[in-house]
There are 4 protein chains.
Amino acid sequence: MENGFKIRTDLALEARESVGETQREIRGVEVEESYNEETEVKVTKVMIQTKNAARDLGKPVGTYITLEAPAMLEADEDYHREISEVLAGQLKQVIPNSEAEQSVLVVGLGNREVTADALGPNVVDNLFVTRHVILEYGKAAYNRTKMNLVSSIVPGVMAATGMETAEIVKGVVEQTKPDVVIVIDALAARSTKRLNRTVQITNTGIHPGSGVGNHRSALTKESLGVPVIAIGVPTVVDAATIVNDALEKAAYSSGKPKVFAELNNMYVTSKDIDATIKRLSFMISEAINITLDGEFVEEE
Amino acid sequence: MENGFKIRTDLALEARESVGETQREIRGVEVEESYNEETEVKVTKVMIQTKNAARDLGKPVGTYITLEAPAMLEADEDYHREISEVLAGQLKQVIPNSEAEQSVLVVGLGNREVTADALGPNVVDNLFVTRHVILEYGKAAYNRTKMNLVSSIVPGVMAATGMETAEIVKGVVEQTKPDVVIVIDALAARSTKRLNRTVQITNTGIHPGSGVGNHRSALTKESLGVPVIAIGVPTVVDAATIVNDALEKAAYSSGKPKVFAELNNMYVTSKDIDATIKRLSFMISEAINITLDGEFVEEE
Amino acid sequence: MENGFKIRTDLALEARESVGETQREIRGVEVEESYNEETEVKVTKVMIQTKNAARDLGKPVGTYITLEAPAMLEADEDYHREISEVLAGQLKQVIPNSEAEQSVLVVGLGNREVTADALGPNVVDNLFVTRHVILEYGKAAYNRTKMNLVSSIVPGVMAATGMETAEIVKGVVEQTKPDVVIVIDALAARSTKRLNRTVQITNTGIHPGSGVGNHRSALTKESLGVPVIAIGVPTVVDAATIVNDALEKAAYSSGKPKVFAELNNMYVTSKDIDATIKRLSFMISEAINITLDGEFVEEE
Amino acid sequence: MENGFKIRTDLALEARESVGETQREIRGVEVEESYNEETEVKVTKVMIQTKNAARDLGKPVGTYITLEAPAMLEADEDYHREISEVLAGQLKQVIPNSEAEQSVLVVGLGNREVTADALGPNVVDNLFVTRHVILEYGKAAYNRTKMNLVSSIVPGVMAATGMETAEIVKGVVEQTKPDVVIVIDALAARSTKRLNRTVQITNTGIHPGSGVGNHRSALTKESLGVPVIAIGVPTVVDAATIVNDALEKAAYSSGKPKVFAELNNMYVTSKDIDATIKRLSFMISEAINITLDGEFVEEE
């Protein structure tokens, strides 16, 4: 990083690794790791606690939970259901006041027309949306004593709407007054080894320049007035990044990244990205449905 | 109508016809008709001027312009371009202050996943959206001296978002402050003879219970605070309506409409509705693009 | 029928009803009915045994099994799984030699771009296809001792391919030599009460002029050289048919059907046809997967 | 190549370049180049004339025409129309007997569900198909004296059909007896600089292992019995290839390619691949429509 070349990654995990081998001792950063042998899921919790640490890692102060599950790549429905439940467990930890009954707006960022960027819209398609029913008929409509009000929106990308995503979401938040906003986005990773098999949950929201679609405006507690949880999956790696990393790894690198002009606007992705996005979207929808479902709340 | 059965139509033209043969003399309703032999387009302008007339026709006070063009059904690109221009001419008449430079939000109502209801979302897909570019780089980006700021949104349907369409649109209007809102919606007609070959433009906005998707909340100048122009095309007829009309026409009717329970939630549509919706959407997008384009404004 | 107006239906059940009240005694037609209270599925087996009976009903000699399940309309996954199993049970009865290991080609008729006609293509999308794997690696690849070779094709409609469906299917059959062909098609019914909640299975194949898309050429044992099982679901009713039926029912009919020219090329379908087709397609895919799965074969 | 690492490319142009600087003098290979300043299209014709040359380049004996047009990447409709015409001109040179009236089957290879591999199916969607109309009504239906019979098929990929593409196409060819087959496929290139801006036309058909979807079986004059013209556009580069090329270029390469296991099944593509594929498909459809259109034939 010191050479001025900004390796782009939306994953706090990778940002931490890129700082070097001594990362466990970065001041102001606390890390917890756990591994479940049965589900083969590794959970890493990176807590960035000081402004200095935030600056060093290029990520805002907050909590970043990463789930890594290699088998997420496979088309095994039962396994995806398991991961949905692990994900739901983690999600409940970062959603403030998650045991209470609250109103939650889920925002699907990205572009439905660009496969690698369609994660957000696809997640929203499978959500169990309840707000309109509860407002009209009460919780009784679902035969429950406790029930969250779930609403959702796919704001679309600026090139299609002519508006910043933040303008649309802010307008909707002011009209419908949710207690918390959950934002879903496809991410860019630094290395292909985490592609499509890693989920990051953070309570810091979305910051300018992140995501596959490179959204410009922030969706954070500061901008929206309510807590913003972001869920992301890395679906692409910048092609230039991958080549630079390969050069470094091959120990041929002079320390200065090469400029590969022809790799501009190119990305690396998996061959089965279309099917993968569908599976991952469904898995995350399920996780949110489990998290926000009234019965689940009660059973705990 | 007097028998209590409400024949459902979103077309002012049909509402007027349903009142009876003497319709030209309804008090408070002014009608202008014109026919262009070359384009074979019939334009009917119904102006509902009094509250009494509004009550009689079941439509709010305002101007309703209807274009009827039988050839609209055909897959003739050049003809659709012609209709787009006729449509643009009419649109400019109902958009307040249309010769000035203004900010216009286009709203595509309806459900992308339901073919007959996807007109609104499809129209928005083909729009020439400029607001974000002009705000960032000025009109110079388009090399023009006059240029409207065009933005657009597909709010989605309540069953998917958990929010009233009006809540979403109101939020976006308050954040982005357009001068005028144009709303596109698929309509229900009373008779198949106008299906997919009629466009209605009105300055009264959208009212509860209209449209194929039966939106509950109003999108009007009262609810949004800015003028609302609605553009609609009838894409379906209620199946019960069509049967009742057939009975009446066959002179077998006792005057009381039958209840055909099995026709609930059934509609009549054309066999090639999927291709038709694509063509109509493109035609309307083009009309809006022509209307809002800076050069066109100047040339006049 | 005697008045020369051909009420169009692809369902043998409806053809039988249309002949009149004494249908149970039509010579050459045997009927078996059963009702399962738990699943609420009514199964009717119509066996047309003589050429005379075939002529009277306008359907070829053969077996027609109809499953009627009102709840099929609902979005209940578990229920659809149950129906898939009932369907699989019936399917095994009409597939010749179904307990043996054989090669089965599944053909998805219809037009992917026309919602009500997309049943066939959608069913094929969810099939468990095995032929290529078994030919390359043997049954061992699936860890089974018995395994059918399943292949599938979506031939497309004549307007898009320039070829008769039968030409394409015949060519594929001659190259790949399946033991049996299963054809899936969306049907036209006479009455809306069976729409989307009835499945017909027949061992007579597909005959000219049937189906939503009105295929011209036959897919039968005669034309293809192997047994052809057809599975169909009525997804539309001709609009003219529905109006004529209403007139008759209202006892206003003079016995002569009216000609409603404006209803030409119009059909009646349910408002949620897009979602319905997806659900029904998945249900039928599952039924075929269960039927052709090796393990299921063994367990019996 | 001599180091045993097979740089994968479907372009004869790249195969030729990879042999080294002295390529113009490869025995048995003739090369013609032309450049049009107005359209900015470079046409390279590589004729592989001997078996030795074929072995050296890893491409069968035959003619390979490559159009390179950088502006093909831009969303300029008029320019794409121009390229369609240049393409049509070249296509007529490789189609045997193209001035005669003949029957042509167009085959769209690839997977509709995988964006980068959907070129073939999309091209077929926009074709002007005539065979069924001419067989039924004669050329008079199109008011022409000369008219080709055009038919088309999207066979689907083996994972979905359980059949080799060649089995399906061979079956259809035997049934419908076209005079020539045109096959469309998305290709893999070696370098990103040709991605989405190069079209290759060849009279050698499709060979095992080529294409984005890696089809196994050949579609050639030998396998089908009629001449096979292949049209392809490179839409992806293998990620491993791109990294190895970068290493070589950076002069760090030891001559031995690295094995980047994590790049398996990864490819590099452009960020706007979804929109690009639509544009390219339309451009190629138009080229084929122009080539096969009767009037065009006559005007010459």
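Just above sits the structure.
None of the values given here were measured: they were computed from a predicted structure.

**Here's the deal with the overall build of chain A**
- Scanning chain A from terminus to terminus reveals 11 helices and nine strands.
- A burial count over chain A gives 60% of its 300 residues as buried.
- Sequence separation of 24 or more characterises 71% of the internal contacts of chain A that already satisfy a separation of 6 or more.
- Here chain A displays about 12400 Å² of accessible surface, and carbon together with sulfur accounts for 48% of that area.

**Structural notes on the packing of helix H7 (residues 165–176) of chain A against helix H7 (residues 165–176) of chain B**
- Look at H7 of chain A against H7 of chain B: their axes get within 7 Å of each other, and the N-to-C directions meet at 120°. By the angle class used here, H7 of chain A and H7 of chain B are oblique. In the crossing of H7 of chain A with H7 of chain B, the sense of the turn from one axis to the other is right-handed. The residues of H7 of chain B that touch H7 of chain A, namely those facing Glu167, Ile168, Lys170, Gly171, Val172, Glu174, Gln175 and Thr176 of chain A, are Glu167, Ile168, Lys170, Gly171, Val172, Glu174, Gln175 and Thr176 of chain B.

**Considerations on the interface of chain D and chain C**
- In this assembly, 26 residues from chain D lie in contact with 26 residues from chain C.
- Across the chain D-chain C interface, the total number found is two salt bridges.
- Among the ionic pairs, Glu167 of chain C bridges to Arg131 of chain D, the shortest N-O distance being 2.9 Å.
- At the boundary of chain D and chain C, one finds 12 residue pairs in polar contact (both at pLDDT 80 or more).
- Elements that contribute at least two residues to the side of chain D that touches chain C include exactly helix H5 (131–137), strand E5 (149–153), helix H6 (158–161) and helix H7 (165–176) of chain D.
- Looking at the side of chain D that touches chain C, the element that brings in the most residues is H7 of chain D, giving eight residues.

**Some thoughts on the pairing of strand E6 (residues 180–189) of chain C**
All names here are of chain C.
- E6 sits mainly inside the fold: 10 of its 10 residues count as buried.
- On E6, burial covers both faces: Val180, Ile182, Ile184, Ala186 and Ala188 on one face and Val181, Val183, Asp185, Leu187 and Ala189 on the other are all buried.
- Pairing of strand E4 (residues 103–108) with E6, which is carried by five bridges, proceeds in the parallel orientation. Its bridge partner being in E6, Val107 is matched across the sheet by Val183.
- Here nine bridges tie E6 to strand E8 (residues 228–238), and the two strands are oriented parallel to one another.

**With respect to the pattern of salt bridges**
- Within the structure shown, the criterion is met by 44 salt bridges over all chains.
- For Glu113 of chain D, the salt bridge is made with Lys278 of chain A, and the minimal N-O distance between the two is 3.6 Å. With one member in each of two chains, Glu113 of chain D in the loop between strand E4 (103–108) and helix H4 (119–125) and Lys278 of chain A in helix H10 (residues 273–292) form a pair that bridges those chains.
- Look at Lys278 of chain A and you get exposed, because its relative accessible area is 52%.
- For the salt bridge of Asp125 of chain B with Arg112 of chain B, the shortest nitrogen-to-oxygen distance reads 3.0 Å. Of this pair, Asp125 of chain B sits in helix H4 (residues 119–125) while Arg112 of chain B is found in the loop between strand E4 (103–108) and H4, placing the two residues 13 residues apart along the sequence.

**Observations concerning the side chain of Arg194 of chain D**
Residues and elements named next belong to chain D.
- When you line up the elements, Arg194 lands in the loop between strand E6 (180–189) and strand E7 (198–202).
- Overall, the relative accessible area of 5% leaves Arg194 in the buried class.
- Residue contacts for Arg194: discarding those within four places in its chain leaves Leu11, Leu13, Glu14, Glu17, Glu68 and Pro234.

**So, the pairing of strand E9 (residues 266–270) of chain D**
- Of all the five residues making up E9 of chain D, five are buried; the element is thus mostly covered by neighbouring parts of the structure.
- With five bridges connecting them, strand E9 (residues 266–270) of chain A and E9 of chain D associate as antiparallel partners. Within E9 of chain D, the residue paired with Met266 of chain A across the bridge is Ser270 of chain D.
- Pairing between strand E8 (residues 228–238) of chain D and E9 of chain D: two bridges, direction antiparallel. In the sheet register, Asp238 of chain D faces E9 of chain D, and the bridge partner there is Tyr267 of chain D.

**Examining the packing of aromatic side chains**
Residues and elements named next belong to chain C.
- Evaluation of the coordinates by the stated rule reveals four aromatic pairs over all chains.
- On the numbers, 5.6 Å between centres and 75° between planes, the contact of Phe128 with Tyr142 is edge-to-face. You can see Phe128 sitting in the loop between helix H4 (119–125) and helix H5 (131–137) and its partner Tyr142 sitting in the loop between H5 and strand E5 (149–153), a full 14 residues away along the chain.

**Re the environment of Lys51 of chain D**
All names here are of chain D.
- For Lys51, the position within the fold is in helix H2 (residues 51–57).
- Note on Lys51: relative accessible area 74%, which makes it exposed.
- Distance from Lys51 to Val61, taken between C-alpha atoms, is 6.5 Å for residues 10 residues apart in sequence.

**A few points about the relation of the copies chain D and chain C**
- Expressed as a screw transformation, the operator carrying chain D onto chain C has a rotation angle of 180° and an axial translation of 0.0 Å, and the superposed copies differ by an RMSD of 0.0 Å. This pairing of chains is accounted for by a two-fold axis. Proximity to the rotation axis, assessed at the C-alpha, singles out Gly171 of chain D in chain D; its C-alpha lies 1.9 Å from the axis.
- Interface overlap between copies is the fraction of interface residues in one copy that are interface residues in the other; for chain D against chain C it reaches 100%, indicating a shared surface.

**Digging into the packing of helix H3 (residues 77–94) of chain A against H10 of chain A**
Residue and element names in this part refer to chain A.
- With their axes 8 Å apart at the nearest point, H3 and H10 run at an angle of 50° to one another. One finds that H3 runs oblique with respect to H10. The chirality of how H3 crosses H10 is right-handed. Between H3 and H10, the residues in contact are His80, Arg81, Ile83, Ser84, Glu85, Leu87, Ala88, Leu91 and Lys92 and Arg279, Met283, Ile284, Glu286, Ala287, Ile288, Ile290 and Thr291, respectively.
- Among the residues forming the contact of H3 with H10, the class breakdown is nine nonpolar, three polar and five charged.

**Points about the environment of Asp293 of chain D**
- Secondary-structure assignment places Asp293 of chain D in the loop between helix H10 (273–292) and helix H11 (294–299).
- Distance from Asp293 of chain D to Thr130 of chain D, taken between C-alpha atoms, is 9.8 Å for residues 163 residues apart in sequence.

**Points about H7 of chain D**
Residue and element names in this part refer to chain D.
- Spanning 12 residues, H7 covers 17 Å between terminal C-alpha atoms, matching the ideal 16 Å at 1.5 Å per step.
- A large share of H7 lies buried, amounting to nine of its 12 residues.
- Buried within H7 are the following residues: Thr165, Ala166, Glu167, Ile168, Val169, Gly171, Val172, Val173 and Thr176.

Analysis parameters
Residues numbered from 1 in each chain as written. Chains lettered and ligands numbered in written order. Predicted model: local features only at pLDDT ≥ 70, side-chain atom pairs only at ≥ 80, totals over all residues. Heavy atoms only, no water. Helix = DSSP H or I, 4+ residues; strand = E, 2+ residues; numbered from the N terminus. Buried < 20%, exposed > 50% of the residue type's maximum accessible area, 1.4 Å probe, protein only. Contact = heavy atoms within 4.5 Å. Areas by Shrake-Rupley, 256 points an atom, 1.4 Å probe, with all protein chains shown as cover. Axes fitted to C-alpha atoms, helices over the stretch in contact; angles between N-to-C directions. Parallel < 35°, antiparallel > 145°, perpendicular 65-115°, else oblique. Left-handed = near helix turned anticlockwise from the far one by under 90°. Salt bridge = Lys/Arg side-chain N within 4 Å of Asp/Glu carboxyl O. Polar contact = N/O pair within 3.5 Å; in protein donor to acceptor, adjacent residues only side chain to side chain. Pairing = 2+ DSSP bridges. Phe/Tyr/Trp six-rings, centres within 6.5 Å; stacked < 30°, edge-to-face > 60°. Least-squares fit on C-alpha atoms with pLDDT ≥ 70 in both. Nonpolar A, V, L, I, M, F, W, Y, C, P; charged D, E, K, R; others polar. Expected span 1.5 Å × (residues − 1).

Bear in mind that shape data such as this cannot, by itself, settle questions of function.
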